[in-house]
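# Architecture and fold: a report
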Amino acid sequence: MFYYVLVLSIIIGFYGLFVGSFLNVCIYRIPLNESIVTTSSHCTSCSHKLAWYDLFPLFSYLFLGGKCRYCKAHISAQYPFVEALNAIIWFSSTWLVFYNLNYSINLQGIITCIIYCLFFSALIVLSGIDIKYQVVHDRVNIFIFILGVILLITDYTNWASHLIGFFAVSLPLFILMIFGGMGGGDVKLYAAAGFLMGWKVALISLVLACFIGSVFGLVIAIPYWAKKTKPPAIPFVPYIAAGMFISVFWSDWLINWYITTFLSNII
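What comes next is a walk through the structure. This is a predicted model, so every value here is computed, not measured.

### What about unusual backbone geometry?
- Here the phi dihedral of Asn 102 falls at roughly 60°; this positive angle occurs in a residue that is not glycine.
- A relative accessible area of 61% means that Asn 102 is categorised as exposed.
- In this structure, Gln 134 is a non-glycine residue whose phi angle is positive, near 55°.
- By the element assignment, Gln 134 lies in the loop between α4 (107-133) and α5 (138-154).
- Gln 134 gets classed as partly exposed once you look at its relative accessible area, which sits at 47%.

### Digging into the side chain of Asp 130
- Its location among the elements puts Asp 130 in helix α4.
- Here Asp 130 occupies a buried position and makes no salt bridge, while the nearest side chain of opposite charge, Lys 132, is found at 13 Å.
- Reaching out from Asp 130, the side chain makes a polar contact with the backbone nitrogen of Val 237 at a distance of 3.1 Å.
- Sequence-distant contacts of Asp 130, that is, excluding residues within four places in its chain, are made with Val 135, Pro 235, Phe 236, Val 237 and Pro 238.

### Regarding the side chain of Ser 247
- Looking at where Ser 247 falls in the secondary structure, it is placed in helix α10 (residues 237-263).
- Residue classification places Ser 247 among the buried residues on the basis of a relative accessible area of 0%.
- A distance of 2.9 Å separates a polar side-chain atom of Ser 247 from the backbone oxygen of Gly 243.
- Residue contacts for Ser 247: discarding those within four places in its chain leaves Val 201, Ile 204, Ser 205 and Leu 208.

### Focus: the packing of aromatic side chains
- One pass over the structure, following the stated rule, counts 17 aromatic pairs.
- Pairing Trp 95 with Tyr 99 gives two aromatic rings, centres 4.6 Å apart and planes at 20°, and the pair type is stacked. Here Trp 95 pairs with Tyr 99, and both are found in helix α3 (residues 78-99), just four residues apart, close to one helical turn.
- By relative accessible area, which is 22% here, Trp 95 ends up partly exposed.
- Residue classification places Tyr 99 among the partly exposed residues on the basis of a relative accessible area of 31%.
- Ring geometry for Phe 120 against Phe 245: centres 4.9 Å apart, planes inclined by 65°, an arrangement best described as edge-to-face. Taken together, the positions of Phe 120 in helix α4 and Phe 245 in helix α10 put the pair 125 residues apart, joining distant regions of the chain. Side by side, Phe 120 and Phe 245 carry an identical accessibility label, which is buried.

### Details of the pattern of salt bridges
- What the rule picks out here adds up to two salt bridges.
- Here Asp 138 and Lys 188 are joined by a salt bridge, their closest N and O atoms 3.2 Å apart. Here Asp 138 is found in helix α5, whereas its partner Lys 188 is found in helix α8 (residues 184-197), with 50 residues between them in sequence.
- Look at Asp 138 and you get partly exposed, because its relative accessible area is 35%.
- Given the relative accessible area of 42%, Lys 188 is considered partly exposed.
- The salt bridge partner of Asp 252 is Lys 200, with a shortest N-O separation of 2.8 Å. Highlighted residues: Asp 252 in helix α10 and Lys 200 in helix α9 (residues 199-226), separated in sequence by 52 residues.

### Thoughts on the nonpolar core
- Ranked by size, the top nonpolar core spans 50 residues in total, and within it Phe 119, Phe 120, Ile 144, Leu 189, Leu 196, Met 197 and Met 244 carry the most contacts.
- Elements represented by at least two residues in this core include exactly α1 (2-29), α3, α4, α5, α8, α9 and α10.
- Tallying contributions element by element places α4 first for this core, with twelve residues.
- Setting aside chain neighbours within four positions, we find Leu 189 in contact with Leu 123, Leu 126, Val 136, Asn 141, Ile 144, Gly 194, Val 237, Ile 240 and Met 244.

What counts, and at which threshold
Residues numbered from 1 in each chain as written. Predicted model: local features only at pLDDT ≥ 70, side-chain atom pairs only at ≥ 80, totals over all residues. Heavy atoms only, no water. Buried < 20%, exposed > 50% of the residue type's maximum accessible area, 1.4 Å probe, protein only. Helix = DSSP H or I, 4+ residues; strand = E, 2+ residues; numbered from the N terminus. Lys, Arg positive; Asp, Glu negative; His and termini not counted. Salt bridge = Lys/Arg side-chain N within 4 Å of Asp/Glu carboxyl O. Polar contact = N/O pair within 3.5 Å; in protein donor to acceptor, adjacent residues only side chain to side chain. Contact = heavy atoms within 4.5 Å. Phe/Tyr/Trp six-rings, centres within 6.5 Å; stacked < 30°, edge-to-face > 60°. Core = buried A, V, L, I, M, F, W, Y, C linked by side-chain atoms within 4.5 Å.

Laid out in structure tokens, this is it:
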């Protein structure tokens, strides 16, 4: 079992590297309403169409020294970072689906693995767009919801958890949105992702997102406070994504840890 999962994780992680290149296309083009399918890959500086040998993930960036082959403009480090991150996420997600979630290497396990890999890739896209434009794009949220529908078909015995998950976090956030405390894109994201993950995982992911966001937000804000200037707006989606990744694979452990640590003397 160990070697089968290891080989499968390496193979899927390798594919994740190439999918990561496509994620960069999505991050760049979706906010601009450009096609992510029909338009050829091109340099964002000189618009020169890229050759096939310019499109190898990571390796093309390293070989070209981080510069466009044609106009010598600097290529953003976002491109190799997203490619490497997606490969790591796909490798680790495959491993964790079969070991932490205890799925067997069968049709249901493979489908679940692919869905979670695509889900986390979608979160990478949303995070990248949120960092650059402070927008949570509906097209990606719809894609996540479709993944949730597919997962529900393979996990139909837990339909109630998926259905409740749609409202468990999105409904409270919607109430906050009415009073100006939350963006509509975050609400839609938690509706779609909550449907995919189920209510328990969705709730834990929100707690983690708030905790991680508070810690990093404080670290980012301190230098600005020291200079008596206003800190920049902090995108929340990257912290939501981190909370979702952790909660998907470790929600049961986190619940047991919390009960054992804080409630053992009460229960």
